[in-house]
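# Structural overview
So the chains spell out like this:
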Amino acid sequence: MSKVRTAQGTRRGKGISTAYLFASLHWKRAIRSASFGRKLAVNLFLGLFGLVMLFYAALIGWMTIPLLKAQMPGEDPFGMVCSAGLAWMAVELALRMFFLKGGTMQVRPLLILPIRRASIVHYVLAGSVLSYFLLAVSVLLLALGTSLVHHGYVPLHVTGWCLGLLLTSVMLGQLSLLAARRLRFLVAVLTALALVSGAHALGYMDVFHVSRRIFLGLYAKPWLGLVPLGVGALIYGLNFRAMRSRLYQEDRHEQVRAASGSGSMAWTGIFGSAAPFIRLDLRMIWRNKRPRSTLLMSVLFVFYGLIVKDPGNPKEWPMLMFFSFFITGFLVLNFGQYVPAWDSAYYPLLMTQDCTIRQYLRSKVLLLRTGVLVMSLFALPYAVLDRNWALPLLVNMLYNLGITVPMVMFFGSFNTSRIDLGRSAFGNWQGVNAGRFLLVLLIMGPTMAMVVLLKTNYSAQTAMAALAGLGLAGLLVQGPLLRLIEVRYAARKYKTVAGFKEN
Amino acid sequence: MIEVEHLTKQYGRSTALDLPELTIPDGQCVGLVGNNGAGKTTFFNLLLDLVPATTGLVRNLGVQVARSESWKHHTGAYLDESFTIGYLTPEEYYTFIADLRGVTKEDLDAFLHPFEPFFNGEILGKGKYLRDLSKGNLKKAGVVAALIGSPKVLVLDEPFANLDPSSQLRLKSILKELASRKDITMLISSHDLAHVAEVCDRILVLEKGKLVKDLKTTPETLAELEKVFAPA
């Protein structure tokens, strides 16, 4: 009898402790994960980076008004800040959508426990409000607000204005979540952005003028800050509904019948002993959401090159090199860093099958190199339309083939987090997190630094020759390079198997 | 021949497995029984070099598994779902493994044909991905995959669990037939004492990581096993 009573007692106190329970689950999942050490190192670095950024945010907030006053004596500095408001909103929205990590909680085991579905969803959503962005924006606004008061603006109105902007930021966060969750909202947001910037470009409206009126209005009537609060609450409600209905499907795979089939892919025979793995990889890509969207994203990167307006201008040459590197190499960076994690669900099978790690790695290298070649093929129109593109594209292709591919494979072996292939739909940017960019930075940073150094000290030709030379050298010594990676994979085998087992 | 020398596996301070010595001659069919936590799966993971041993070693037909990869050539195994590839159809999955093991398309078809009654029309030709199969059907598909390429050593973890009664009986006769050929060394773990007593020549009872009984199968074995596991 007494046991039953205790159970009821606990249940009564549940309302208060649910949030605590969820938070402690999150915490345990993080510190008990196999990749905890690596994540800790990455997080320490990011934390430091974050602190520096906060410092800059405070500095910008504090210095804006005095700087504007000094640079443009005739203008109203606060009015100019207000003019930039809408543009800032667009930038913040874009940043948030790019860096967004969706609420990822393993909800399935919780669904049958006596916890209301609503509180699970509220926890995940509320958690997403408290983000680094909000902190940075708060610091910026605090500094800006203090500076405004310091320059004689009315404290009460400044407070209202700052709060209104903070609420706008929260609203944008909710909007980015919604856009990531529902395709039609993503389309709506992008269309709205395109329409507004189009109207501005064509002279139908002046975004800066509109922005100035809106945000000066907010200063005059601080209660207008309730508008973003209301809109934010509305979007939160939409998010809530979208997520709650998804709660049922969280762990479901895409239910596609294989009936259509894809043939025996006999043509892959040209890859020799790597052919079975190549076939496996191709099927993995086509039949699972996550790798498919990764691939799509990488291919869309080809259009990045359109940013370069005048390829013939020597001043644009660094841009040309940068984009050439990205266009020919993004697929490898984006896809390759999840080798071997793409195979995490059946890694024990691969490790006990009649194949050596070397065979497995060789097939991956082949796949990634094919990726570089295909992307280069996609980029060919640039070179055809403007021959200034030709050399940068060619040398970067060589460099990516010879150096980036083995480097990505090497760093990929550090990744021991399991990937759920079926989890990611279009517009879900989960996984596009800062840690991943760190790796891209690690590979790109030295390359670009070398290019810039050679260009400033010698010439653009030297820099390009160096890249091409390195790439060719990488291709020539690919045997020893591969052996190095092989040793690395063999040494990491048990850790990888154990890490991939975790959910 | 499978040889074990001073093999231990520790997780933190707890010992998951402690096998000072064990030899399994070629062609023997060995059943591993024991309650949860007895160390059966740990032993299989060590045998397949999926976890590192704390001390000691395992030799699979003379190959020290943690040192060389060549044991993979003659070993087939099915431990759990991580030995299947969810986004493939069963046919593609079998072809993948046959490719790795150097088995031709014709030989694969000839190999799969006798398993049709076991599959009961639910595995092949359904146009379903493995991830959409039920647990029992997935296990059937995986166990058969472990047999591709006539391995000399076969490792199966709980092959009877999740199978429907007809499939259990069919699998039992398949395994018995294999065991009678005496050219394959089999290690099978199970919670079903009657099944292993029927299929295997030798039964090892593990308890908390230690080998507590090593029995040659006789008509009395089942009764003896039941005594071991019966609550005092």
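The structure displayed is predicted, hence computed values, not measured ones.

### Here we look at the overall build of chain A
On a plain count of helices and strands, chain A comes out with 21 helices and zero strands. In chain A, which comprises 503 residues, the share counted as buried stands at 44%. Sequence-distant contacts, at least 24 apart, represent 83% of the contacts inside chain A between residues at least 6 apart. Accessible surface, chain A: about 26,200 Å² in total, of which carbon and sulfur atoms supply 70%.

### A closer look at the packing of aromatic side chains
All chains considered together, the criterion is met by 28 aromatic pairs over all chains. The interplanar angle of 65° and the centroid separation of 5.9 Å between the aromatic rings of Tyr346 of chain A and Tyr87 of chain B together place this pair among those described as edge-to-face. Linking Tyr346 of chain A in the loop between helix H15 (317-336) and helix H16 (347-352) with Tyr87 of chain B in the loop between strand E6 (75-78) and helix H2 (90-100), this pair reaches from one chain into another. Tyr87 of chain B carries the same exposure label as Tyr346 of chain A, and that label is buried. Ring pairs connect the aromatic residues Phe322, Phe323, Phe325, Phe326, Phe330 and Tyr399 of chain A, which therefore count as one cluster. Between Arg488 of chain A and the ring centre of Phe410 of chain A, over which it is positioned, the NZ or CZ distance is 5.6 Å. One residue, Lys9 of chain B, lies across the ring of Tyr11 of chain B, its end atom 4.9 Å from the ring centre.

### Some thoughts on the pattern of salt bridges
In total, this model carries 17 salt bridges over all chains according to the counting rule given. Ionic pairing is found between Glu198 of chain B and Lys176 of chain B, a salt bridge with its closest N-O pair at 3.0 Å. On the criterion of sequence distance, the pair formed by Glu198 of chain B in helix H7 (residues 193-199) and Lys176 of chain B in helix H6 (residues 165-181) is long-range, its members being 22 residues apart. Overall, Glu198 of chain B belongs to the partly exposed group, its relative accessible area being 39%. A relative accessible area of 35% means that Lys176 of chain B is categorised as partly exposed. Here the salt bridges share partners, and the residues they tie into one network are Asp281, Asp343 and Lys364 of chain A.

### Observations regarding the interface of chain A and chain B
Tallying the contact residues gives 34 residues for chain A and 32 residues for chain B. Across the interface of chain A and chain B, roughly 3,100 Å² is buried in total on both sides, 55% from carbon and sulfur atoms. Among the residues chain A hides against chain B, the three largest losses belong to Thr352, Asp354 and Tyr494 of chain A. Together they make up 22% of the total. For the interface between chain A and chain B, the tally reads four salt bridges. Run the count over chain A and chain B and you get 15 residue pairs in polar contact (both at pLDDT 80 or more). Counting residues per element, the ones that place at least two in the side of chain A that touches chain B are helix H13 (275-287), H16 and helix H21 (478-501) of chain A. Taken together, the residues of the side of chain A that touches chain B break down into 19 nonpolar, seven polar and eight charged.

### Describing the packing of helix H14 (residues 289-300) of chain A against H15 of chain A
Residue and element names in this part refer to chain A. The interhelical angle for the contact between H14 and H15, taken along N-to-C directions, is 155°, at an axis separation of 9 Å. Judged by the inter-axis angle, H14 sits roughly antiparallel to H15. Handedness of the H14/H15 crossing: right-handed. Each of Pro291, Thr294, Leu295, Met297 and Ser298 in H14 lies in contact with H15, whose residues at this interface are Phe330, Leu331, Asn334 and Phe335. Of the residues that constitute the contact of H14 with H15, the class distribution is six nonpolar, three polar and no charged.

### Topic: the confidence of the model for chain A
Residues and elements named next belong to chain A. Overall, the prediction assigns chain A a mean pLDDT of 80, with 84% of residues at 70 or greater. Every residue in residues 1-14 is under pLDDT 50, and counting partners more than four places away or in other chains gives one contact. In this model, residues 424-432 is a region of pLDDT below 50 whose contacts with residues beyond four sequence positions or in other chains number 26 contacts.

### Observations concerning helix H9 (residues 155-181) of chain A
Taking 1.5 Å per residue as the helical rise, H9 of chain A with its 27 residues ought to reach 39 Å, and the 39 Å between its terminal C-alpha atoms agrees with that figure. Among the 27 residues in H9 of chain A, 19 count as buried, and that is most of the element.

### A word on the state of the cysteines
Considering all chains together, one arrives at zero disulfides over all chains under this definition. In this model Cys162 of chain A remains outside any disulfide bridge; the closest cysteine sulfur is found in Cys82 of chain A, 10 Å from its own. Among the cysteines around Cys200 of chain B, which has no disulfide bond, Cys29 of chain B carries the closest sulfur, lying 3.4 Å off.

### Looking at the side chain of Asn396 of chain A
All names here are of chain A. Tracing the backbone shows Asn396 in helix H18 (residues 390-412). Residue classification places Asn396 among the buried positions, given a relative accessible area of 0%. Polar side-chain contacts of Asn396 include one of 3.4 Å to the backbone oxygen of Met321.

### Section: helix H5 (residues 135-146) of chain B
All names here are of chain B. The terminal C-alpha atoms of H5 lie 17 Å apart, and with 12 residues this matches the ideal 16 Å at 1.5 Å per residue to within 8%. Burial runs high along H5: 11 of the 12 residues are buried. Taken residue by residue, H5 has Gly136, Asn137, Leu138, Lys139, Lys140, Ala141, Gly142, Val143, Val144, Ala145 and Ala146 as its buried positions. Packing partners of the buried residues in H5 comprise E6, H2, helix H3 (105-112), helix H4 (116-119), strand E7 (153-157) and H6.

### Some words on the side chain of Asp201 of chain B
Residue and element names in this part refer to chain B. You can see Asp201 is positioned in the loop between H7 and strand E9 (202-207). Within polar-contact distance, the side chain of Asp201 engages the backbone nitrogen of Cys29 at 2.9 Å. Beyond its immediate sequence surroundings of up to four residues, Asp201 is in contact with Gly27, Gln28, Cys29, Lys182, Leu215, Lys216 and Thr217.

### Digging into the nonpolar core
Residues Trp389 of chain A together with Phe43, Tyr94, Leu175 and Leu187 of chain B are the most contacted members of the largest nonpolar core, which totals 156 residues. A total of 12 residues in this core trace back to one element, the largest contributor, which is H15 of chain A. If we ignore the near neighbours within four places in the chain, the residues touching Tyr94 of chain B are Leu108, Leu112, Phe119, Leu124, Lys140, Ala141, Val144, Ala145 and Ile148 of chain B. Counting 27 residues, the second largest nonpolar core, distinct from the first, contains Leu141, Leu175, Leu178 and Leu218 of chain A.

### A look at the pairing of E6 of chain B
All names here are of chain B. Side chains Thr75 and Ala77 project from E6 onto one buried face, and the interleaved Gly76 and Tyr78 project onto a second face that is buried too. Here E6 runs beside E7; their pairing, made up of four bridges, is parallel. Within the sheet, the bridge partner assigned to Gly76 lies in E7 and is Leu154.

### Section: the packing of H13 of chain A against H14 of chain A
Residue and element names in this part refer to chain A. As a packed pair, H13 and H14 sit with axes 5 Å apart at the nearest point and diverge in direction by 90°. Taken together, the axes of H13 and H14 are roughly perpendicular relative to one another. Facing Met284, Ile285, Trp286 and Arg287 of H13, the residues of H14 in contact are Lys289, Pro291, Arg292 and Leu295. Of the residues contributing to the contact of H13 with H14, the split by class is five nonpolar, no polar and three charged.

### Overview of the environment of Leu439 of chain A
Considering the arrangement of structural elements, one finds Leu439 of chain A in helix H19 (residues 434-457). Aside from chain neighbours lying at most four places away, what touches Leu439 of chain A is Gln337 and Phe411 of chain A.

Parameters at a glance
- Residues numbered from 1 in each chain as written.
- Chains lettered and ligands numbered in written order.
- Predicted model: local features only at pLDDT ≥ 70, side-chain atom pairs only at ≥ 80, totals over all residues.
- Heavy atoms only, no water.
- Helix = DSSP H or I, 4+ residues; strand = E, 2+ residues; numbered from the N terminus.
- Buried < 20%, exposed > 50% of the residue type's maximum accessible area, 1.4 Å probe, protein only.
- Contact = heavy atoms within 4.5 Å.
- Areas by Shrake-Rupley, 256 points an atom, 1.4 Å probe, with all protein chains shown as cover.
- Phe/Tyr/Trp six-rings, centres within 6.5 Å; stacked < 30°, edge-to-face > 60°.
- Lys NZ or Arg CZ within 6 Å of the ring centre and 35° of its normal.
- Salt bridge = Lys/Arg side-chain N within 4 Å of Asp/Glu carboxyl O.
- Buried area = accessible area lost by both parts, 1.4 Å probe.
- Polar contact = N/O pair within 3.5 Å; in protein donor to acceptor, adjacent residues only side chain to side chain.
- Nonpolar A, V, L, I, M, F, W, Y, C, P; charged D, E, K, R; others polar.
- Axes fitted to C-alpha atoms, helices over the stretch in contact; angles between N-to-C directions.
- Parallel < 35°, antiparallel > 145°, perpendicular 65-115°, else oblique.
- Left-handed = near helix turned anticlockwise from the far one by under 90°.
- pLDDT = per-residue confidence, 0-100.
- Expected span 1.5 Å × (residues − 1).
- Disulfide = S-S within 2.5 Å.
- Core = buried A, V, L, I, M, F, W, Y, C linked by side-chain atoms within 4.5 Å.
- Pairing = 2+ DSSP bridges.

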